[in-house]
Amino acid sequence: MKMLKKLLAVAFCGVMACALVGCQNQEPQQKDEEVQVSEVSMETEPFWVLVVGNDSRTGTVEINKPDYSDGTGRSDVMMLVRVDPKTYAISIVSVPRDTETQFNGQKVKLNEVYHAAGIEESMKAVADLTGVTPKYYMDMSFVQFEDFVEGLGGLTANVPINMQLQDIVSGDHISLTKGDQDLNGKEALVLARSRKQYANDLDACRQIQDRAIVQSGIKQVASDSSTAASFAGVLSANCSTNWDAKGLSALVVDFAENADKITFVSGTGPYAGEVDASTGLWLAYRDEATWAKVIAAAEKGEDPREIVPEPKVAAL
């Protein structure tokens, strides 16, 4: 009975993902050919995903800003997420966007690679820094993030401090109160973006709340196996990714059916830095040796914060 339920769930996830991502040009299938379960390629070994939140202003009230009017953006948020389909262990490690990087013979921030050359080159730059070669990427804009959260029916997350910020998509002014909150798309984006209201280590503090958002989203999607496939479809429809929609959905359903086994560890790579005299940029130190320790801990399911402690979160 359990196997039948799983096969039906995988079949449903394929149909939902196809419908939500958009497969308008496909021929209708015969009833007995609707889903070939054997063709669904679900991961069985641990792998890494590069999760990117880009800051393209396309679709926002700031699209006419000089630096963003062409629609390009930078990888404002980067995380490496390790997924183990055997143990259902998930590790989330922030990759500081300001990390010193050499690109095209110039010293730049890591997030500039995305702006100059896109997600594929960003994956290479992250691999060079961390020693991890991501198998997949998931790249989401401000508008896509809001639409994704709305597609989930909202998101429950912890707001570390009182914060307020303009919703960049609608232009609305949003205020959030410290504590656990049920957030809509606009509110979740304000939480994900806010950093200038922290007293110190602004971006490192923001990384804490962004990792928490990802963890909360995973828990929410995995909380009900009957809706997991449709939520996986919502995710596929609201990001750019090289991950096959059916394979993603099948994995999400499997995790949802084993939600009681899911564990998390979360932390960041090195984020300390200073203003670089040669460029005038504030750059996080490039420290491959520490990164190797952080990744080793994450792969063992150990706490990365034992290697790189998180900053103390405090409001201005």
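What you are looking at is a predicted structure, and each value in this text was computed from that prediction instead of being measured. (Residues numbered from 1 in each chain as written. Predicted model: local features only at pLDDT ≥ 70, side-chain atom pairs only at ≥ 80, totals over all residues. Heavy atoms only, no water.)

Novice: Help me understand the pairing of strand E5 (residues 106-109) in this model?
Specialist: On a regular strand, each side chain points to the face opposite its neighbour's, so the side chains alternate between the two faces of the sheet. Note: strand E4 (residues 100-103) against E5, four bridges, orientation antiparallel. Bridged to Gln 102 within E5 is Lys 107. Taking the residues between adjacent antiparallel strands as the criterion, E4 and E5 are bridged by two residues, where Asn 104 takes a positive phi near 55°. (Pairing = 2+ DSSP bridges. Helix = DSSP H or I, 4+ residues; strand = E, 2+ residues; numbered from the N terminus.)

Novice: Any chance you could explain helix H8 (residues 245-257) here in plain terms?
Specialist: The periodicity of an α-helix, 3.6 residues per turn, causes residues three or four places apart in sequence to face the same way. Taking 1.5 Å of rise per residue, the 13 residues of H8 would be expected to cover 18 Å, and the 18 Å separating its terminal C-alpha atoms lies within 8% of that figure. Among the residues making up H8, those that are buried are Ala 245, Gly 247, Leu 248, Ser 249, Ala 250, Leu 251, Val 252, Val 253, Asp 254, Phe 255, Ala 256 and Glu 257. The opening residue of H8, the one whose side-chain oxygen lies 3.2 Å from the backbone nitrogen of Lys 246, is Asp 244. (Expected span 1.5 Å × (residues − 1). Buried < 20%, exposed > 50% of the residue type's maximum accessible area, 1.4 Å probe, protein only. Polar contact = N/O pair within 3.5 Å; in protein donor to acceptor, adjacent residues only side chain to side chain.)

Novice: Got a minute to help me understand helix H4 (residues 142-152) in this structure?
Specialist: Along H4, the residues classified as buried are Phe 142, Phe 145, Glu 146, Phe 148, Val 149 and Leu 152. Here the buried residues of H4 occupy an arc of 160° about the axis, which is enough to place them on one side. Phi turns positive, to about 85°, at Gly 153, one or two residues after H4. (Arc of directions from axis to C-beta.)

Novice: Explain the confidence of the model for the protein chain to me, please; I cannot follow it from the model alone.
Specialist: In low-pLDDT regions, the fine details of the predicted coordinates are not to be read closely. Looking at the protein chain, pLDDT values average 89 and 87% of them are 70 or higher. Contacts for the low-pLDDT stretch residues 1-38, under 50 throughout, to residues beyond four places or in other chains number 36 contacts. (pLDDT = per-residue confidence, 0-100. Contact = heavy atoms within 4.5 Å.)

Novice: How should I be thinking about the packing of aromatic side chains in this particular structure?
Specialist: The relative placement of two aromatic rings is captured by the distance of their centres and the angle of their planes. What the rule picks out here adds up to four aromatic pairs. With a centroid separation of 5.7 Å and 90° between ring planes, the pair formed by Phe 47 and Tyr 136 is classed as edge-to-face. Here Phe 47 is found in strand E1 (residues 47-54), whereas its partner Tyr 136 is found in strand E6 (residues 136-140), with 89 residues between them in sequence. Comparing Phe 47 with Tyr 136, the two get one shared label, buried. Site record: aromatic cluster; members linked through ring pairs are Phe 47, Tyr 136 and Trp 243. A cation over a ring is seen here: Arg 57 above Tyr 68, with NZ or CZ 4.0 Å from the ring centre. Above the plane of the ring of Phe 142 lies Arg 193, whose end atom (NZ or CZ) is 4.9 Å from the centre. (Phe/Tyr/Trp six-rings, centres within 6.5 Å; stacked < 30°, edge-to-face > 60°. Lys NZ or Arg CZ within 6 Å of the ring centre and 35° of its normal.)

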